[in-house]
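For reference, the chains in residue letters:
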Amino acid sequence: MFFLPVILSGMLRVQAQEERIAGSIDRKEFDPSALLWYKAPAAVWEDALPVGNGRMGGMVFGRAGEERIQLNEDTYWTGGPYSTVVKGGYKKLPEVQQLVFNGEFRKAHDLFGRALMGYPVEQQKYQSLADLHLFFTGQKDISGYKRWLDLETGIASVQYTADGVTYRRDVLASEPDQVIAIRLTADKPGCISFAATLRGVRNQAHSNYATDYFRMDGNGKDGLILTGKSADYMGIEGKLRYEAAITAVPEGGSMTVEGARLVVEHADAVTLYFTAATNFVNYKDVSANEHDRMERYRTALSGKSYQVIKAAHIRDYKGLFDRVSLTLPVTENSFLPTDERKQKAGSASDPSLSALAYQFGRYVLIASSRPGTQAANLQGIWNDNPNPMWDAKYTTNINTQMNYWPVESANLSECAEPLLHLIQDLTDQGAEVAKEHYGCRGWVFHQNTDLWRVAAPMDGPTWGTFTVGGAWLCTHLWEHYRYTGDTAYLRKVYPILKGSVQFFLDFLVEQPNGKWLVTNPSTSPENFPARRGNGKYFDEVTGSFLPGTSICAGSSIDMQILTDLFGEYAEAASLLQQDPDMAGKARAARSRLVPPQIGQDGALQEWAEDWGQTEHPHRHMSPLYGLYPGNVFSIRHTPQWIDACKKLLVLRGDSSAEWSRAWKVALWARLRDGDHAYSVLNGYLRDASNPQFFGNHGFPVQVDGSLGLTAAISEMLVQSHEGMIGLLPALPGEWKDGEFKGVCTRGAFELAMKWKNGQVSNAVILSRQGQLCRVLVRGPMTVTVNGKKVHTRITKDGFLEFPTEKGQHYTLQPTK
């Protein structure tokens, strides 16, 4: 009991802070880098504010009269365990490869479609679980409306006044208690009256075959319950079962349950608790009991007050979010509603808006990817549509990778765990695909997967010939090691890296000239080369007209990804003292990959041949993988390729899909052009995102752009890919003063720095593993630890270099 005053004191401080937000908005006293706010409710789902605990997500509309909170659970997909492996496809592989080398691309395309595509050709869909509707009475003549998302607490709120009463709702998604809690309060007693329904979601657009049946019922005297199953899709039986419930805890007033409606009248305050579960165990097992699971969640809440649940949520959330802060200059525009700030991006000075976008991406990662959950998909964990665009799957020719670009630098390393597990899962069917489709050892994965971890080529030969999806994912495993220095982790993931390398050592073939090794078949994601005989034609796999075929040998992105994969594997094998013979083969194969090529237009080529492209400008930046996120090109190590990289980037333009813009910000940052990076960043904020920063360029919500932007902003301020820590490598003129605390770098360092007039005034580096530290600085710097000067040296490359001890903080200041 002696802990109670401390707990109450902490809860009171948090409550006071939250209650001050509405007033702080009016007084312009809030932190504009940590608060999204709006003067109107969400008109459509895409404008709603997200909450999530990694497993469950909600989109909060913030409406008066009728509130809607759309709800998801990350294992609720169509179908059930299945395989897309087609046995014996490898027998036709040599013929496909010869057709490609002969330039008979359509024949190669058609044969690949018939013999090597997975079946079913498409995959399963992420689903919407439920909608909570609250119908209020006595709320007319609305005034003083505000809704907001407080990134410091992870709580979405709405407040307004109706008929002299000020109402407020707070919504949080708690990871510790596995619940979404909705708190309703008013500033006068007895004023809260509403009816609630918890509605299932049916695939009405395809009701001729959708079997996602559900039932809505009351649950005792204080709740609602929703039970249902997943839809059959593409001949795969829907084997998921789910149960979701609302439990109401009113304070004062009365409560009744009438069928599938819960009615509260004249309460002082009400808390609604949403819990949900499915029978999913893993991609091969759906034997869990969804009812027992959900009852455990509900039972665990018994006896806990909302304040206790909220305090636990905030402690857990802040334990992640508070690790990093970014402060950029604040202007008068910084206090405008977030949607108005975004509309002015680039035309009115508001550097702090970039800091808000940076932190929103970190928020999204915390909300959608936690240890034990599924990895964040195309839409994170938020989806209201039974037929989402691209099925809201895991698209791995850029999007899934972009979701996790910021995870290490943003000091959220444990949020990468779901991605590791996804990759581990993929090696299962990936090994079968390697054997049956390609006749190779190891494992391979292409450009899409779903909850069931299928790995074969899908959608059609245009997309399915992307064999390096798994190899690209492997680079994330290596990056985790580079940021943490965790050799136990590296030993754990080493077999995954090795399996990917084994596949490509078998799969690579010599070009007819006998000089270079290439992937064949290959593709450069979603781009159609302009080459002789490549025109519009009808594709039998997709049943549609295509601009041509993209099948080729040795696309630039393939060669660059394999350059990274082979090099990283060889280094891992050396560090772990394993498989020296295979590491030697990987190094030898790496040296024979088709090198970068420069086309007649002076730009880096997308393909081994100097073909043009049919789409101008193209959204994918695939030939520049090696500049970012890869480590093939850099200003310091490969200056001979930088002009060609820049030329291609210019030719692709600044405008495009939202994720493409985020990629371009990072690319311009790697080219150390901060003002150009900032221009593209503002274009994303102004033209290619929803009011809350989710990407939206004529399509439904995607989270990749938000997360990619977080990584790109970090890249503008700190870089560590060239074997040293570069401070302020791409600083825009508008960001002349600022502070960045808690950002992580390769080499297992954590950094806090301040800058003034574009120059670093102070930096503190925490050494997590005691490795040698190299920093690229402008002008002489003095390094101290515990007040004592540290011996440093300037290397021939101009780096400030000094030894470190694990756990020590090193302060860098300009030498006076």
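Along the backbone of the chain there are 18 helices and 36 strands. Here the C-alpha radius of gyration of the chain, 27 Å, is about what a compact globule of 816 residues would show, namely 28 Å. If you line up the chain on its principal axes, its C-alpha atoms span 85 × 75 × 50 Å. Per-residue burial for the chain yields a buried fraction of 62% across its 816 residues. Nonlocal contacts in the chain, meaning residues at least 24 apart in sequence, comprise 69% of its contacts between residues at least 6 apart. Each charge class in the chain was averaged separately, 84 positive and 89 negative side chains, and the resulting centres sit 4 Å apart.

Looking along the chain, the bond that leaves Tyr119 and enters Pro120 is cis, with omega of 0°. The residue after Tyr628, namely Pro629, is reached through a cis peptide bond having omega 10°. By the secondary structure assignment, Pro629 is in the loop between strand E25 (612–613) and helix H15 (642–652). Its identity as a non-glycine residue notwithstanding, Glu526 has a phi of 65°, on the positive side. Within the element layout of this structure, Glu526 appears in the loop between strand E21 (517–518) and strand E22 (529–530).

Before going further, it helps to spend a moment on the sheet that holds strand E31 (residues 773–776). Strand pairing in a sheet takes place through backbone hydrogen bonds and is either antiparallel or parallel in direction. Taken together, the 5 strands give an open sheet; going across it, the order is E26-E27-E31-E35-E34, and neighbouring strands pair in mixed fashion. Sheet topology places strand E26 (718–719) and strand E34 (793–794) at the edges, where each strand pairs with a single neighbour. Sheet topology note: the E34/strand E35 (residues 799–802) ladder contains 2 bridges and is antiparallel. Pairing of Arg793 across the sheet is with Glu801, part of E35.

Applying the stated criterion across every chain, the model contains 37 salt bridges. Across the pair Arg183 and Glu251 runs a salt bridge, and its minimum N-O distance is 2.7 Å. Separated by 68 residues along the polypeptide, Arg183 in strand E9 (residues 179–186) and Glu251 in strand E13 (residues 241–251) bring together distant segments of the chain. Taking the relative accessible area as the measure of exposure, Arg183 reaches 11% and is therefore buried. Notably, a salt bridge pairs Glu722 with Arg672, separated by 3.0 Å at the nearest N-O pair. With Glu722 in the loop between E26 and strand E27 (725–727) and Arg672 in the loop between helix H16 (658–670) and helix H17 (674–687), the pair connects residues that are 50 residues apart, well separated along the chain. Using a relative accessible area of 5% as the deciding quantity, one classes Glu722 as buried. Look at Arg672 and you get partly exposed, because its relative accessible area is 32%. Linked through salt bridges whose partners overlap, the residues forming this network are Glu479, Arg482 and Arg746.

Take the packing of aromatic side chains next. Scanning the model with the defined rule gives 31 aromatic pairs in all. Between Trp382 and Phe694 the ring centres are 5.6 Å apart and the planes differ by 45°, which places this aromatic pair in the tilted class. With Trp382 in the loop between helix H7 (352–368) and strand E18 (394–395) and Phe694 in the loop between H17 and helix H18 (704–717), this residue pair connects regions lying 312 residues apart in the sequence. You can call Trp382 buried: its relative accessible area is 0%. We classify Phe694 as buried; its relative accessible area is 0%. Pairing Phe538 with Phe545 gives two aromatic rings, centres 5.3 Å apart and planes at 75°, and the pair type is edge-to-face. The class of Phe538 is partly exposed, set by a relative accessible area of 48%. Over the aromatic face of Phe321 sits the side chain of Arg362, whose NZ or CZ is 5.3 Å from the ring centroid.

The next point concerns the confidence of the model for the chain. The predicted structure's coordinates, where accompanied by low pLDDT, should not be read in detail. Looking at the chain as a whole, the pLDDT averages 95, with 97% of positions reaching at least 70. For residues 1–15, every residue scores under 50 in pLDDT, and the model assigns this stretch 6 contacts once sequence neighbours within four places are set aside.

Once that is clear, we can look at the sheet that holds strand E1 (residues 35–38). Strands sit in the order E1-E6-E7-E8-E9-E16-E13-E12-E11 across an open sheet of 9 strands; the sheet is antiparallel. Edge positions in the sheet fall to E1 and strand E11 (214–218), since each has one partner strand and no second. Each neighbouring strand pair of the sheet contributes to a mean axis angle of 15°, computed without reference to strand direction. Across the face of the sheet, helix H4 (residues 290–301) comes into contact with E9, strand E12 (223–229), E13 and strand E16 (269–278) while running at roughly 150° to E16.

Take the packing of H16 against H17 next. Here H16 crosses H17 at 165°, and the two axes come no closer than 8 Å. As judged from the angle between their axes, H16 and H17 are roughly antiparallel. The interaxial crossing formed by H16 with H17 has left-handed handedness. Between H16 and H17, the residues in contact are Glu658, Arg661, Lys664, Val665, Trp668 and Ala669 and His676, Ala677, Val680, Leu681, Gly683, Tyr684 and Asp687, respectively. Considering only residue class, the contact of H16 with H17 consists of 7 nonpolar, 2 polar and 4 charged.

Burial analysis of strand E8 (residues 165–174) places 9 of its 10 residues in the buried class, the great majority of the element. In terms of strand pairing, strand E7 (residues 155–162) meets E8 through 8 bridges, oriented antiparallel. Looking at E8, one finds that Val158 is bridged to Arg169. Counted between consecutive antiparallel strands, the loop separating E7 from E8 contains 2 residues, among which Asp163 sits at a positive phi close to 55°. Bridge count for E8 against E9 is 8 bridges, and the pairing is antiparallel. For Val171, the partnering residue across the bridge sits in E9 and is Ile182.

So, how was this worked out
Residues numbered from 1 in each chain as written. Predicted model: local features only at pLDDT ≥ 70, side-chain atom pairs only at ≥ 80, totals over all residues. Heavy atoms only, no water. Helix = DSSP H or I, 4+ residues; strand = E, 2+ residues; numbered from the N terminus. Rg over C-alpha atoms; globule rule 2.2 N^0.38 Å. Buried < 20%, exposed > 50% of the residue type's maximum accessible area, 1.4 Å probe, protein only. Contact = heavy atoms within 4.5 Å. Lys, Arg positive; Asp, Glu negative; His and termini not counted. Charge placed at Lys NZ, Arg CZ, Asp CG, Glu CD. Pairing = 2+ DSSP bridges. Salt bridge = Lys/Arg side-chain N within 4 Å of Asp/Glu carboxyl O. Phe/Tyr/Trp six-rings, centres within 6.5 Å; stacked < 30°, edge-to-face > 60°. Lys NZ or Arg CZ within 6 Å of the ring centre and 35° of its normal. pLDDT = per-residue confidence, 0-100. Axes fitted to C-alpha atoms, helices over the stretch in contact; angles between N-to-C directions. Parallel < 35°, antiparallel > 145°, perpendicular 65-115°, else oblique. Left-handed = near helix turned anticlockwise from the far one by under 90°. Nonpolar A, V, L, I, M, F, W, Y, C, P; charged D, E, K, R; others polar.

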